[in-house]
Amino acid sequence: MKLTTGAPGARIAGLGDYRPHRVVTNDELAQVVDTSDEWIRSRVGIRQRHFAGEGESLVDMAVAASGKALAASGLGPEDIDLLIMATCSAPTSIPGVGPTVADRLGLRGPGAYDLNAACAGFCYALSAASDAIRTGSARRVLVIGAERLTDWVDPLDRGTCIIFADGAGAAVVVGTDEPAIGPVVWGSDGSKREAIIVRDRATMMEMDGQGVFRWATTRLAPVARECCERAGVTLADIDVFVPHQANLRIVDSMVRALGLQHAAIGRDIVESGNTSSASIPLALTRMLERGEAKSGDLTLVLGFGAGLTYAGQVLRCP
Ligand SMILES: CC(C)(COP(=O)(O)OP(=O)(O)OC[C@H]1O[C@@H](n2cnc3c(N)ncnc32)[C@H](O)[C@@H]1OP(=O)(O)O)[C@@H](O)C(=O)NCCC(=O)NCCS
């Protein structure tokens, strides 16, 4: 049997994002559930979020973000031979969303599949893309993180409706001689599956907020350190840190634990809420647009969430 080999490394060639039109403030939520702008800002750090509406299905948002990522990469639909759609909020599971997104984008029959690692999904997918390129299974991969979480969250549950939101981010990943996506550090703890769960098709998301908060603030800093070690860099080398945008207090706690005083920090949670697998590409795209991050910056990304799952790696900004 012969095996294929691919490029020595992989890099992100372009990023794209999509935020739904409707901006929902804390005051608007406070008209529906017993909460307040002050409570939400102080406990989770969110000022506003985007909720998808008409013409903003999961597929619509994924296609929009992907179109921008393709444009930014300078590649066309004909160049992509694999699409990985990270999502945990697909409206149905048969068929997967990936092939439909590929078709809408006019890709020429690429490998296409959905990947559900919840809020860690984008980092899982990035690793799968990088590995596919390095083994020669694919040459150019479209990685998407997209969620329409409002379909799965009870608008009357104040424990979750203030946190979760909708959006999509995408990255075009290509081969390169100089590796720009480092080794993944990933893991899971299925014994904590009840922490964030949708039990069946008739019910909405349930979350043990305190349990998730404790886990994230105690277990993930060592994972971030290991990502750096495996990539052969130190935390002091990190220019940009983009953890999953779960909660501003979790982001800030990680920054303190890692001593990342000099890095630019992704805090898109304030404006976009928690968009699960979309949160990292959304945050990074915005930081690049605003000049808070720049091309070539050494960036640490770390996704974590339901499962429980986590995954992180060091990469260079496109
Ligand atoms: C969800 C979260 C904000 C709740 O904050 P908390 O400080 O743990 O709050 P608690 O659940 O202990 O509740 C404290 C009080 O606030 C109330 N409360 C809960 N949600 C509220 C809201 N939206 N507005 C006002 N009050 C609220 C509770 O009912 C409780 O009231 P009581 O003391 O009268 O019973 C917090 O646990 C959290 O952010 N966890 C992490 C969640 C996360 O990141 N999830 C995504 C992972 S991918």
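Residues numbered from 1 in each chain as written. Predicted model: local features only at pLDDT ≥ 70, side-chain atom pairs only at ≥ 80, totals over all residues. Heavy atoms only, no water.

(A) Structural detail: the sheet that holds strand 6 (residues 140-148). The strand order across the open sheet built from five strands is 1-7-6-4-5, with neighbouring strands paired in mixed fashion. If you trace the sheet from one side to the other, it starts and ends with strand 1 (9-18) and strand 5 (111-115), each paired once. Looking at each pair of strands side by side, their axes are set apart by 20° on average, direction ignored. Bridge analysis of strand 6 against strand 7 (residues 166-176) gives nine bridges, and the strand direction is antiparallel. Considered in strand 7, the bridge of leucine 142 is made with valine 172. Each of strand 1 and strand 7 touches helix 10 (residues 279-289); the most contacted strand, strand 1, lies at about 85° to it. (Pairing = 2+ DSSP bridges. Helix = DSSP H or I, 4+ residues; strand = E, 2+ residues; numbered from the N terminus. Axes fitted to C-alpha atoms, helices over the stretch in contact; angles between N-to-C directions. Contact = heavy atoms within 4.5 Å.)

(B) Inspection of the site of the ligand at higher detail. As a matter of local geometry, the ligand sits amid 22 residues, with Thr35, Arg43, Arg158, Gln210 and Asn247 nearest to it. Tryptophan 39 has a polar side-chain atom sitting 3.5 Å from a nitrogen atom of the ligand. Within the side chain of arginine 158, one N or O atom sits 2.7 Å away from an oxygen atom of the ligand. Those elements that provide at least two residues to the shell around the ligand are helix 2 (37-44) and helix 6 (209-219). For the shell around the ligand, the two domains that each supply at least three residues are domain 1 (9-176) and domain 2 (185-316). (Near = heavy atom within 4 Å. Polar contact = N/O pair within 3.5 Å; in protein donor to acceptor, adjacent residues only side chain to side chain. Domains from an automatic or database assignment.)

(C) Spatial organisation of the sheet that holds strand 14 (residues 309-316). A sheet is described by the order of its strands in space; here five strands give the open sequence 8-14-13-11-12, paired in mixed fashion. Two strands in the sheet have a free side with no partner beyond their single neighbour: strand 8 (185-188) and strand 12 (264-265). Here two bridges tie strand 11 (residues 240-243) to strand 12, and the two strands are oriented parallel to one another. From the neighbouring strand, phenylalanine 241 faces strand 12, where its bridge partner is isoleucine 265. Helix-sheet contacts for helix 5 (residues 121-135) involve strand 8, strand 13 (298-305) and strand 14, and the interaxial angle to strand 14 is about 55°. Its contacts with the sheet place helix 10 against strand 11, strand 12, strand 13 and strand 14, and it is angled at close to 150° to strand 11.

(D) Looking closely at the layout of surface pockets. Considered as a void within the structure, the second largest pocket measures approximately 210 Å³ in volume. Every residue lining the second largest pocket is counted, 13 residues in all, and those nearest its centre are Leu29, Phe51, Thr150, Pro155 and Cys161. Sorting the residues of the lining of the second largest pocket by element identifies strand 2 (22-25) and helix 1 (26-30) as the ones contributing at least two each. (1 Å grid on protein atoms, 1.4 Å probe; cavity = no way out; pocket = protein on both sides within 12 Å on 5 of 7 lines; lining within 4 Å. Points joined across faces, edges and corners; volume = space filled by probe spheres on them.)

(E) Geometry of the packing of aromatic side chains. Counted by the stated rule, this structure contains two aromatic pairs. Centre to centre, the rings of tryptophan 215 and phenylalanine 304 are 6.3 Å apart; their planes meet at 65°, and the pair counts as edge-to-face. Note that tryptophan 215 is positioned in helix 6 and phenylalanine 304 in strand 13, a separation of 89 residues in sequence. We classify phenylalanine 304 as buried; its relative accessible area is 2%. (Phe/Tyr/Trp six-rings, centres within 6.5 Å; stacked < 30°, edge-to-face > 60°. Buried < 20%, exposed > 50% of the residue type's maximum accessible area, 1.4 Å probe, protein only.)

(F) Region of the structure containing helix 10. Most of helix 10 is tucked away: nine of the 11 residues are buried. Among all positions of helix 10, only Ser279, Ile280, Pro281, Leu282, Ala283, Leu284, Thr285, Arg286 and Met287 are buried. Following helix 10 by one or two positions, glycine 291 has its phi on the positive side, about 80°.

(G) Structural detail: the environment of threonine 150. Mapped onto the fold, threonine 150 is located in the loop between strand 6 and strand 7. Put simply, threonine 150 and threonine 160 are 10 residues apart on the chain and 9.9 Å apart in space, counted from C-alpha to C-alpha. Setting aside residues up to four positions removed in sequence, threonine 150 forms contacts with Phe51 and Asp166.

(H) Spatial organisation of the side chain of aspartate 17. For aspartate 17, the location among the structural elements is in strand 1. By relative accessible area, which is 6% here, aspartate 17 ends up buried. Here the side chain of aspartate 17 touches arginine 19 through a polar contact of 2.8 Å, side chain to side chain. Within the structure, the side chain of aspartate 17 is placed 2.9 Å from the side chain of lysine 68, a separation counted as a polar contact. Setting aside chain neighbours within four positions, we find aspartate 17 in contact with Ala65, Lys68, Ala168, Gly169, Leu282, Thr285 and Glu289.

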